[in-house]
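Single-letter residue listing:
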Amino acid sequence: MSIKRRHFLFLTGLSGFGLAVLGKSLLAQIPNSRTLKSQPASQLTTPASGDPLLRFVSVADTGTGAKGQYAVAKAMTRYHQQRHFNLVVLAGDNIYNNGEIEKIKAVFEQPYQSLLQQNVKFHACLGNHDIRTDNGDPQVRYPNFNMQGQRYYTFRRDLVQFFALDTNHNADWQTQLPWLETALSKSNAPWKVVFGHNPLYSSGHYGVNQDLISKLTPLFKKYGVQVYINGHEHSYERTVPINGTTYLICGAGAGVRPVGSSEWTAHSASKLSFAAFDVYSDRIVISGIDTDNRIFDQGTINKT
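Being a predicted model, the structure only gives us computed values, none of them experimental.

Some words on unusual backbone geometry
A cis amide bond, omega 0 degrees, links tyrosine 96 with the succeeding residue asparagine 97. Within the secondary structure, asparagine 97 is located in the loop between β2 (87-90) and α4 (104-109). Although it is not a glycine, asparagine 135 sits at a positive phi angle of roughly 55 degrees. Considering the arrangement of structural elements, one finds asparagine 135 in the loop between β3 (121-124) and α6 (137-141). The phi dihedral of asparagine 293 falls on the positive side, at around 65 degrees, and the residue is not glycine. Here asparagine 293 lies in the loop between β12 (283-290) and β13 (295-302).

A closer look at the sheet that holds strand β4 (residues 153-157)
Here we have seven strands laid out as an open sheet, ordered β4-β5-β6-β7-β9-β8-β10, and mixed in their pairing. Two strands close off the open sheet at either side, each with one partner strand: β4 and β10 (265-269). Sheet twist, expressed as the average angle between the axes of neighbouring strands with direction ignored, equals 15 degrees. Sheet analysis places strand β6 (residues 191-195) next to strand β7 (residues 227-230), joined by three bridges and oriented parallel. Bridging from a neighbouring strand, valine 194 pairs with tyrosine 228 of β7. Against the sheet, helix α7 (residues 173-186) contacts β4, β5 (160-164) and β6, and its axis sits at roughly 175 degrees relative to β5.

Comments concerning the pairing of strand β1 (residues 54-59)
The two faces of the sheet receive side chains in turn, since in a regular strand these alternate between them. Extensive coverage of β1 is indicated by the burial of six of its six residues. Here β1 shows a buried face lined by Leu54, Phe56 and Ser58 and a second buried face lined by Arg55, Val57 and Val59. Pairing analysis gives five bridges linking β1 to strand β11 (residues 273-279), with the strands arranged antiparallel. Pairing of arginine 55 across the sheet is with aspartate 278, part of β11.

Re the packing of α7 against helix α8 (residues 210-223)
Relative placement of two packed helices is described by the angle separating their axes and the distance separating the axes. At a minimum axis distance of 10 Å, the contact between α7 and α8 shows a crossing angle of 15 degrees. Taken together, the axis directions place α7 and α8 in an arrangement best described as roughly parallel. In this structure, α7 crosses over α8, and the sense of that crossing is right-handed. Between α7, through Trp173, Leu177, Leu180, Glu181, Leu184 and Ser185, and α8, the contact on the second element is made entirely by Leu212, Lys215, Leu216, Leu219, Lys222 and Tyr223. In terms of residue class, the contact of α7 with α8 is made up of eight nonpolar, one polar and three charged.

Structural notes on the nonpolar core
With 57 residues, the main nonpolar core has Phe56, Met76, Phe162, Phe195, Ile229, Phe274 and Phe277 as its most contacted residues. When near neighbours in sequence (up to four residues on either side) are disregarded, phenylalanine 277 contacts Leu54, Arg55, Phe56, Val57, Ser58, Val227, Ile229, Leu248, Ile284, Val285 and Ile286. With 24 residues, the next largest nonpolar core counts Leu180, Ala183, Val208 and Leu216 among its residues.

Quick look at the sheet that holds β11
Here we have six strands laid out as an open sheet, ordered β3-β2-β1-β11-β12-β13, and mixed in their pairing. Unpaired on one side and paired on the other, β3 and β13 mark the two borders of the sheet. For this sheet, the mean inter-axis angle between neighbouring strands, taken without regard to orientation, is 20 degrees. Two strands pair when backbone bridges link them, and β11 and β12 are joined in this way by seven bridges, in the antiparallel orientation. For phenylalanine 277, the partnering residue across the bridge sits in β12 and is isoleucine 286. Sheet contacts for helix α3 (residues 67-82): β1, β2, β11 and β12; angle to β11, the most-contacted strand, approximately 25 degrees.

Overview of the environment of glycine 68
As for its position among the elements, glycine 68 is in helix α3. Residues glycine 68 and alanine 254, spaced 186 residues apart in sequence, show a C-alpha to C-alpha distance of 4.4 Å. If we skip the residues at most four places from it in the chain, glycine 68 touches Gly253, Ala254 and Leu272.

Parameters at a glance
- Residues take numbers from 1 onward in each chain, read along the sequence in its written order.
- The predicted origin of the model limits local features to residues at a pLDDT of at least 70 and limits the giving and counting of side-chain atom pairs to 80 or more, whereas totals for whole chains, interfaces and linings rest on all residues.
- Based on all heavy atoms of the structure, the side-chain values leave hydrogens and waters out of the count.
- Think of it this way: any DSSP run of H or I at least four residues long counts as a helix, any run of E at least two long counts as a strand, and we number them from the N terminus.
- Think of it this way: DSSP has to see at least two bridges between two strands before they count as a pair.
- Angles run from 0 to 180 degrees between N-to-C directions of axes, and those axes are lines fitted to C-alpha atoms, restricted for helices to the stretch in contact.
- Contact definition: two residues touch when any of their heavy atoms are within 4.5 Å.
- Exposure is judged per residue with a 1.4 Å probe applied to protein chains only, and the accessible area is read against the type maximum: over 50% gives exposed, under 20% gives buried, and values in between give partly exposed.
- Roughly parallel covers angles under 35 degrees, roughly antiparallel covers those over 145, roughly perpendicular covers 65 to 115, and oblique covers all other angles.
- Crossing handedness is read from the near helix: turned anticlockwise from the far helix by less than a right angle, it gives a left-handed crossing, and turned clockwise, a right-handed one.
- Following the grouping adopted for this structure description, the nonpolar residues are Ala, Val, Leu, Ile, Met, Phe, Trp, Tyr, Cys and Pro, the charged ones are Asp, Glu, Lys and Arg, and the polar ones are all others, Gly among them.
- Side-chain atoms within 4.5 Å are what join buried Ala, Val, Leu, Ile, Met, Phe, Trp, Tyr and Cys residues into a set we call a nonpolar core.

Shown next, in the form of structure tokens:
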């Protein structure tokens, strides 16, 4: 199915009111995004307005142990030297091809050795390749993935509460969804960031995931989730806010696939990369960073 047809099916599936609201929101925000996309990457810089309260990065679809993964890992290390961070969101497919934990040294410990030695903490979730061996349980128990022995879990850093999800085809949503609502309702964090492996909105190979949209977006809207991070698509894509949530795909951590652009797209790129997040009290600045250590995309989420 073509990307344009997926977009048509998505839009026609909305109610008339929902379509009007989304269309108005996207039309209001996309022009600024297009202006940003037209600028040379070397001209995009993080605003010089003081140090953030928290800085973290995200990357996904990493676990090949091949040249592409090492290139992104090297770029992450260089970025760490320039702008210190101590947290990485690892959004699934951590071990290719079948989640074999015996490969952990080659596909995780060696590529990120420098960061691990500097006490950078990786917080992982499970991808579709990860569950091919023992349903991913060895990774859930692996200490350096910091999953708390759970397939879904939450933790807080400064102003940000993070919620890791299992979005795989065999996920236990009957238990996970009530857990997520309870965890979101109890959180008093100003910023709420959810991450899982599968996309909700995507202009890449897999397209829009209506099932996840129906499951998750009501909770995102109800409890004010500002960011959802995922992989699965081997590309980079940042959306404009959709009902208050920005969706960030960072699945080009080891390889790339083509990606298009949709009504909700602020920026998309098919290049080896990771994303960096500078968290302030009133905004989050998201930067897409490639293996030449260039910021090729930048967008700001303002606190409302």
